[in-house]
Amino acid sequence: MSARLLSVLLVVALAPVAGAAEDPLKPWLQARVREHMAYFASPPPVTADAPAVAGVSALWRERPAGYAGLPHFTPPTSLAPLIRAVEAGVVNITTVGPGAMAGAVKRSTGSGFVLTPDGLVVTNNHVVANAQGPAVNPTGPGVTAGKDGPREVPVQQVSVRLADGREFPAEVVGRDASTDVALLKLNGAGLGTLPAVFLGDSDALEVGDWVVAIGNPFGLDHSVAHGMISAKERVLGVGQFDDFIQTDALINPGNSGGPLFNMKGEVIGVNTAIISEGQGIGFAVPINLVKDLLPNLRENGKLERGWLGVVINEDGADPTATAPVVKDVYRGSPAAQAHIRPGDRLVAVNGRPIGSYLQLLRKVALLAPGTEAKLTLLRDGGTQEVAVRLVARPAQEATEGLSNRGGSSANDLGLVLRDLTPEVAAPLGYEAFLGALVSGVLPRSPAEQAGLRAGDVVMEVNRRRVKDTAAVKAALERGSAGASILLRVQRGDALQYIAIAR
């Protein structure tokens, strides 16, 4: 076949010579003949990790007979051993509460998984969002009439049933709507040896990895579906914590809050959402996000967001770099205390890589105020690690007061001031332009350490009467550098002097 094709090409290449000695196509045709001769003389190379035999005319490659398969890939023959190992840690969650009519109850079911042997359970926020505990007022709306007189019924309860049939009442320890994650605590006897699951590393997932979803779709206990990771970091438009794992493992109503397992039997996601218009498109909250959130929910009952205090520059000046670059650092912020400076490139939080501003925001905001985080940054071509103790995120106006651009002496003290105009003064019961209203106090600032707080009215600075923020600024600028500041402050009906050390 190859010789026949080569003969045809030679004929075609030499044919123009008979018609015209100087045919301009002759050099081109001869070059093509040489290329084809070299191709047939040297078939595509065969490497150790990709053995092949030439197909018809060497237009494709085929695996040789008896080829063992792709390296590092073993197709699963059965998922039964994995399911038997992990299904005991998957639970059914039922909430019971008042229905639309008096005396009626409604039941909604979801899924979850046992986090600790002593009874902590993870599920979705929307599964238990209305859980409030039992009614305690015997004459309140949670009472219905029975044959023996009024009786108390639950206003809202949470019940958790294990795979072995045991059932426990549960209370909501903490929940967060922005991530749709909730933490429950089981009550009753027999706790301490519950079948807790293992958590994996969702950052290590790759598109195409096999996964298993176990839950209670449509109330059918412990249904199993398998599939693969279809995509990572999906943004659904539900908030700043959009970072979903997309999977084609079936997730139906009732699967909410259930675990998504990898092939090691580790939970790598919390099944959360589906697209109702499609089939085989489900979404799970990455378990690494849940890991960051859980201490916050356990300690605070809700998401108390940590704050670092940096402005990130993502103008794309360096297309080869992906880690966020610090553009500015707020004064007095945790970042300033840790000596982070503009130009630093933040590459990891607590050892976990970050590649964008949104990833940095998620990882920091999920950590509770007071948490010490370890940041890895690139500076002057070298890598450094710094420890940062996060604080609660200030109000927007307080954040503006922390800016390094255009700051005033009041901001140096950590005060965010506002003119006491008639519109501001009237609702507070003050006279207009009686002084300057403290609308915010910056964390860790001299003003906070001195005891000033939002709602105070500054009436004097170093015994000089002031009526607005401009007067406060002028009085502060007249003070000696490094000297203490004496403020006369009205707080409610009381007047007091407060000294601020600079």
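Residues numbered from 1 in each chain as written. Predicted model: local features only at pLDDT ≥ 70, side-chain atom pairs only at ≥ 80, totals over all residues. Heavy atoms only, no water.

- Under the annotation held in an unreviewed UniProt entry, the protein chain carries the name PDZ domain-containing protein and is attributed to Corallococcus interemptor.

### Overview of the layout of surface pockets
At step 1: The space that makes up the largest pocket amounts to roughly 370 Å³.
At step 2: Around the largest pocket, the lining comprises 19 residues; the ones closest to its centre are D203, E233, D243, Q359 and K363.
At step 3: At the level of secondary structure, the elements contributing two or more residues to the lining of the largest pocket comprise β13 (223-234), β14 (244-247), α5 (287-300), β22 (352-353) and α7 (357-365).
At step 4: When grouped by side-chain class, the residues that make up the lining of the largest pocket number 8 nonpolar, 3 polar and 8 charged.
At step 5: Inspection of the lining of the largest pocket shows a minimum of three residues originating in each of domain 1 (80-135 + 154-303) and domain 2 (306-399). (1 Å grid on protein atoms, 1.4 Å probe; cavity = no way out; pocket = protein on both sides within 12 Å on 5 of 7 lines; lining within 4 Å. Points joined across faces, edges and corners; volume = space filled by probe spheres on them. Helix = DSSP H or I, 4+ residues; strand = E, 2+ residues; numbered from the N terminus. Nonpolar A, V, L, I, M, F, W, Y, C, P; charged D, E, K, R; others polar. Domains from an automatic or database assignment.)

### Section: the pairing of strand β16 (residues 266-274)
At step 1: Sheet topology places strand β11 (residues 198-199) next to β16; 2 bridges connect them, and they run parallel. Bridge assignment links F198 to a residue of β16, and that residue is E266.
At step 2: For strand β15 (residues 259-261) and β16, the ladder comprises 3 bridges, and the chain directions are antiparallel. If you follow F261 over to β16, its bridge partner there is V267.
At step 3: Here β15 hands over to β16 after 4 residues, with G265 in that stretch at a positive phi of 75°. (Pairing = 2+ DSSP bridges.)

### Remarks on a nonpolar patch on the surface
At step 1: Side chains of L70, F73, W210 and M263 sit close together on the surface and give an oily, nonpolar patch of about 380 Å² of accessible area.
At step 2: By the element assignment, F73 lies in the loop between β2 (61-62) and α3 (80-86). (Patch = residues over 30% accessible without salt bridge, like charges linked within 9 Å, V, L, I, M, F, W, Y side chains within 5 Å. Areas by Shrake-Rupley, 256 points an atom, 1.4 Å probe, with all protein chains shown as cover. Salt bridge = Lys/Arg side-chain N within 4 Å of Asp/Glu carboxyl O.)

### A short note on the nonpolar core
As a rule of thumb, nonpolar side chains are buried together in soluble globular proteins.
At step 1: Counting 28 residues, the largest nonpolar core has F113, V122 and F261 as its most contacted members.
At step 2: Listing elements by their share of this core, those giving two or more residues are α3, β5 (120-123), β10 (181-186), β12 (210-215), β16, β17 (282-286) and α5.
At step 3: Considering every element that reaches this core, the biggest residue donor is α5, with 6 residues.
At step 4: For V122, the contacting residues outside a window of four places in its chain are G112, F113, L115, V181, A182, L183, G257, V270 and L294.
At step 5: The next biggest cluster of nonpolar side chains, apart from the first, holds 20 residues, and it includes V310, V326, I354 and V388. (Core = buried A, V, L, I, M, F, W, Y, C linked by side-chain atoms within 4.5 Å. Buried < 20%, exposed > 50% of the residue type's maximum accessible area, 1.4 Å probe, protein only. Contact = heavy atoms within 4.5 Å.)

### Let's talk about the environment of V388
At step 1: With respect to the element layout, V388 can be found in strand β24 (residues 382-389).
At step 2: The exposure class assigned to V388 is buried, which follows from its relative accessible area of 1%.
At step 3: Along the primary structure V388 and Q337 are separated by 51 residues, whereas in three dimensions their C-alpha atoms are 7.7 Å apart.
At step 4: For V388, the residues in contact, after removing those within four places along its chain, are L308, P334, A335, A338, I340, T371, E372, A373 and L375.

### Description of α7
Since the α-helix turns once every 3.6 residues, residues separated by three or four places project in the same direction.
At step 1: Of all 9 residues making up α7, 7 are buried, and the element is well covered by its neighbours.
At step 2: Within α7, burial applies to Q359, L360, L361, R362, K363, V364 and A365.
At step 3: If you follow the buried residues of α7, they end up packed against β13, β18 (306-307), β19 (310-313), β21 (345-349) and β22.

### Observations concerning the side chain of Q490
At step 1: Here Q490 lies in strand β30 (residues 485-491).
At step 2: Look at Q490 and you get buried, because its relative accessible area is 15%.
At step 3: Within the structure, the side chain of Q490 is placed 3.1 Å from the backbone oxygen of G492, a separation counted as a polar contact.
At step 4: Filtering out sequence-adjacent residues up to four positions away, Q490 remains in contact with Y430, L434, G455, D456, V457, M459 and L495. (Polar contact = N/O pair within 3.5 Å; in protein donor to acceptor, adjacent residues only side chain to side chain.)

### Describing the pattern of salt bridges
At step 1: On inspection of all chains with the given rule, the structure shows 10 salt bridges.
At step 2: We note a salt bridge from R352 to D292, for which the minimum N-O separation is 3.2 Å. Taken together, the positions of R352 in strand β22 and D292 in helix α5 put the pair 60 residues apart, joining distant regions of the chain.
At step 3: The salt bridge involving E385 is made with K374; its shortest N-O contact spans 4.0 Å. Of this pair, E385 sits in strand β24 while K374 is found in strand β23 (residues 372-379), placing the two residues 11 residues apart along the sequence.
At step 4: Under the relative-accessibility criterion, E385 is labelled exposed at 52%.

### Side note on the side chain of N124
At step 1: Position of N124 relative to the elements: it lies in the loop between β5 and α4 (125-128).
At step 2: With a relative accessible area of 0%, N124 lands in the buried category.
At step 3: At a separation of 3.3 Å, a polar atom in the side chain of N124 contacts the side chain of T272.
At step 4: If we skip the residues at most four places from it in the chain, N124 touches D180, V181, A182, S256, G257, V270, N271 and T272.

### Things to note about the environment of T95
At step 1: When you line up the elements, T95 lands in strand β3 (residues 90-98).
At step 2: It is 6.8 Å that separates the C-alpha atoms of T95 and V128, two residues lying 33 residues apart in sequence.

### Structural notes on helix α12 (residues 469-477)
At step 1: All buried positions along α12 are accounted for by V472, A475 and L476. The buried residues of α12 occupy an angular sector of 100° when projected down its axis, which confines them to one face. Those residues of α12 that are exposed and angled more than 90 degrees off the buried face are A470 and E477.
At step 2: N-capping of α12 is provided by D468, with a side-chain oxygen placed 3.3 Å from the backbone N of A470. (Arc of directions from axis to C-beta.)

### What to know about the packing of aromatic side chains
At step 1: Scanning the entire structure with this criterion turns up 2 aromatic pairs.
At step 2: Their ring planes at 70° and their centres at 6.4 Å tell us that F244 and F283 sit as a pair that is edge-to-face. Residue F244 is found in strand β14, and its partner F283 is found in strand β17; the two are separated by 39 residues along the sequence. An identical accessibility class is assigned to F244 and F283; each is buried.
At step 3: Positioned over the ring face of Y497 is R463, at 5.2 Å from the centre of the ring. (Phe/Tyr/Trp six-rings, centres within 6.5 Å; stacked < 30°, edge-to-face > 60°. Lys NZ or Arg CZ within 6 Å of the ring centre and 35° of its normal.)

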